[in-house]
Amino acid sequence: MVVVVVVVVVVVVVVVVVVVVVVVVVVVVAVIVLVVMVSQIAIGISPISVVAPCKAWVCGHSFAGIAGANPTEGMDVCLL
C-alpha cells in the first residue's frame, strides 16, 4: 500500500513539474515575441509585413488595335 502511495505522489509531482515547465516556456516565448514587436514599432518597422504595391509601368505599342479602332494604326498600352 505504501508503494502505491509513493508511486502516485511521484507521478503527480512529475506531472506538476512538466506543466510548470511548459507554462514557463510559453510565457518566455510570448515575452520574446512581445519584445520583438515593441522594438520593431519603436524603430518604425511594421511588425506585420506589408508588401508595397508595385509602382512600375510597362508601356508599349499594340499593333493589333481594338474593335472599333483603326486596326492599321494600333494603340498605345500601359500595364501597371
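Everything numeric here is computed off the predicted structure, so don't read it as measured data.

Thresholds applied
Residues numbered from 1 in each chain as written. Predicted model: local features only at pLDDT ≥ 70, side-chain atom pairs only at ≥ 80, totals over all residues. Heavy atoms only, no water. Helix = DSSP H or I, 4+ residues; strand = E, 2+ residues; numbered from the N terminus. Buried < 20%, exposed > 50% of the residue type's maximum accessible area, 1.4 Å probe, protein only. Contact = heavy atoms within 4.5 Å. Areas by Shrake-Rupley, 256 points an atom, 1.4 Å probe, with all protein chains shown as cover. Patch = residues over 30% accessible without salt bridge, like charges linked within 9 Å, V, L, I, M, F, W, Y side chains within 5 Å. Salt bridge = Lys/Arg side-chain N within 4 Å of Asp/Glu carboxyl O. Expected span 1.5 Å × (residues − 1). pLDDT = per-residue confidence, 0-100.

## Some remarks on the overall build of the protein
Then step 1. Looking only at helices and strands, the protein has one helix and two strands in total.
Then step 2. Helices and strands in the protein line up, N terminus first, as α-β-β.
Then step 3. Counting only residues that meet the buried cut, the protein has 2% of its 80 residues in that class.
Then step 4. Considering only contacts in the protein between residues 6 or more positions apart, those separated by 24 or more positions represent 3%.
Then step 5. In the structure as shown, the protein presents an accessible area of about 7,000 Å², 81% of it carried by carbon and sulfur atoms.

## Looking at a nonpolar patch on the surface
Then step 1. A grouping of Val3, Val7, Val11, Val15, Val19, Val23, Val27, Val31 and Val35 is seen on the molecular surface, where their side chains present a nonpolar patch of about 760 Å² in accessible area.
Then step 2. Looking at where Val7 falls in the secondary structure, it is placed in helix α1 (residues 2-42).

## What about α1?
Then step 1. Given a rise of 1.5 Å per residue, 41 residues ought to cover 60 Å, and the 59 Å separating the end C-alpha atoms of α1 matches this to within 8%.
Then step 2. Among the residues trailing α1, Gly44 stands out with phi positive, at a value near 90°.

## Quick notes on the confidence of the model for the protein
Detailed reading of the predicted coordinates is not advisable wherever pLDDT is low.
Then step 1. For the protein, the mean per-residue pLDDT works out to 75, and 56% of the residues sit at or above 70.
Then step 2. Of all secondary-structure elements in the protein, the lowest mean pLDDT belongs to strand β2 (residues 75-79), at 56, while α1 reaches the highest, 91.

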